[in-house]
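# Survey of secondary and tertiary structure
Now for the letters of each chain:
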Amino acid sequence: MKVGILALQGAFGLHERVLSRLGVAPVQVRTPDELAEVDRLVIPGGESTAISKLLDANGLADPLDDRLADGLPVLGTCAGMILLAHKVVDGYPGQRCFGAIDVAVIRNGYGRQSDSFSAPIAIDGWDSAFPGVFIRAPVVESAGADVEVLAKLDGVPVLCRQGSVSVSSFHPELADDDRVHRWFVEQE
Ligand code: GLN
C-alpha cells in the first residue's frame, strides 16, 4: 500500500514523520502523476486557501476530485478537513471545496492562532483519550446523517468519517501519539 501526503503547503513533513514511524514509507504528492500512484492520501493542516490555489496551479484539483469520487481513502486534518467538506462557511471566493464528506465547517471557528489550545479527545471505542491540538481549527457546524461522528469536543464533532473519507479538526501529527494515523492506514 502506497500512502501519499499532499505536500503543497502546511504540515506535511510532520505527517510524514509519524507515518514513517509506523513503517509505512509515505510519499509526497505534488503532481498528478504522483497522485495517480497512491492508494491512500493525507491532506494536512496548513492554510486551506493556499492549498486550494496550489492544487489549481499544479493541475491537481481535477485529478484529486476524480480520485475522491472513485473512493480514494483520505485523511484530512484541519485545513484538509476544510478542503474535503461539503460546505465552507466564510471560505475565500473560489476556494476549492471537494464535497467529499457531508459536513459544513466554519473556517477559523475556534478563533485565531493565539486561541490555539489542546484538549483530550475521547474517541468512540478507543481506550484512552487522544491529545487533540487545535490551531485556527474549523468548527463543524453540521454533519449529515451519513457521517459517522467518532469524537466530539463540547458537543461539536472533531473526528468524522463517511465511507473512505476521514477528517479531524485537530492536528494528530502534533501529538506524541500515532493512533489516528494507524487507524487511518489500517482502515479497510
Ligand atoms: N484556518 C486554516 C484554514 O483556513 C486551517 C488551520 C490549520 O490547518 N491549522 O485553512
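Let me begin by describing the structure that accompanies this report. (Residues numbered from 1 in each chain as written. Predicted model: local features only at pLDDT ≥ 70, side-chain atom pairs only at ≥ 80, totals over all residues. Heavy atoms only, no water.)

A few words now on the site of the ligand. As a matter of local geometry, the ligand sits amid G45, G46, E47, S48, C78, A79, I82, R107, N108, I135, R136 and H171. E47 places a side-chain nitrogen or oxygen 3.4 Å from an oxygen atom of the ligand. Side-chain polar atom of H171 to a nitrogen atom of the ligand: 2.8 Å apart, as the coordinates give it. In the complex, the protein chains occlude 98% of the 300 Å² of accessible area that the ligand would expose alone. Looking at the shell around the ligand, its residues break down into four nonpolar, five polar and three charged. (Near = heavy atom within 4 Å. Polar contact = N/O pair within 3.5 Å; in protein donor to acceptor, adjacent residues only side chain to side chain. Areas by Shrake-Rupley, 256 points an atom, 1.4 Å probe, with all protein chains shown as cover. Nonpolar A, V, L, I, M, F, W, Y, C, P; charged D, E, K, R; others polar.)

Here we come to the environment of L64. Along the chain, L64 falls in helix α4 (residues 61-69). Residues L64 and K53, eleven residues apart in the sequence, show an inter-C-alpha distance of 14 Å. Ignoring anything within four residues of it in the chain, the contact list for L64 reads L35, L41, I43, L55 and F98. (Helix = DSSP H or I, 4+ residues; strand = E, 2+ residues; numbered from the N terminus. Contact = heavy atoms within 4.5 Å.)

This next bit is on the packing of aromatic side chains. Applying the stated criterion across every chain, the model contains seven aromatic pairs. Residues W126 and F130 carry aromatic rings whose centres are separated by 6.5 Å and whose planes lie at 75° to one another, so their mutual orientation is edge-to-face. The class of W126 is partly exposed, set by a relative accessible area of 22%. Between R40 and the ring centre of F184, over which it is positioned, the NZ or CZ distance is 5.8 Å. (Phe/Tyr/Trp six-rings, centres within 6.5 Å; stacked < 30°, edge-to-face > 60°. Buried < 20%, exposed > 50% of the residue type's maximum accessible area, 1.4 Å probe, protein only. Lys NZ or Arg CZ within 6 Å of the ring centre and 35° of its normal.)

Let us now look at the sheet that holds strand β4 (residues 74-77). The strands making up a sheet associate through backbone hydrogen bonding, with each pair oriented either parallel or antiparallel. Here seven strands make up an open sheet; going across it, the order is β2-β1-β3-β4-β12-β11-β10 and the pairing mixed. Unpaired on one side and paired on the other, β2 (27-29) and β10 (148-153) mark the two borders of the sheet. The sheet shows a mean angle of 20° between the axes of neighbouring strands, taken without regard to direction. Where strand β1 (residues 3-6) meets strand β3 (residues 40-43), three bridges bridge the pair, whose relative direction is parallel. Paired with V3 across the two strands is R40, which belongs to β3. Its contacts with the sheet put helix α6 (residues 179-186) on β1, β3, β4, β10, β11 (156-162) and β12 (165-168), and the angle it makes with β3 is roughly 150°. (Pairing = 2+ DSSP bridges. Axes fitted to C-alpha atoms, helices over the stretch in contact; angles between N-to-C directions.)

Another point: the pattern of salt bridges. Under the counting rule described, the total for this entry stands at nine salt bridges. The salt bridge involving K2 is made with E37; its shortest N-O contact spans 3.5 Å. Linking K2 in the segment before β1 with E37 in helix α2 (residues 32-37), this pair joins segments that are 35 residues apart in sequence. A residue is classified by how much of its surface remains accessible, and K2, at 31% relative accessible area, is partly exposed. The exposure class assigned to E37 is partly exposed, which follows from its relative accessible area of 49%. E148 serves as the salt-bridge partner of R161, at 3.2 Å between the closest nitrogen and oxygen. With R161 in strand β11 and E148 in strand β10, this pair connects stretches of sequence that are 13 residues apart. A relative accessible area of 19% places R161 in the buried class. Under the relative-accessibility criterion, E148 is labelled partly exposed at 37%. The network of salt bridges with shared partners includes E47, R107 and R136. (Salt bridge = Lys/Arg side-chain N within 4 Å of Asp/Glu carboxyl O.)

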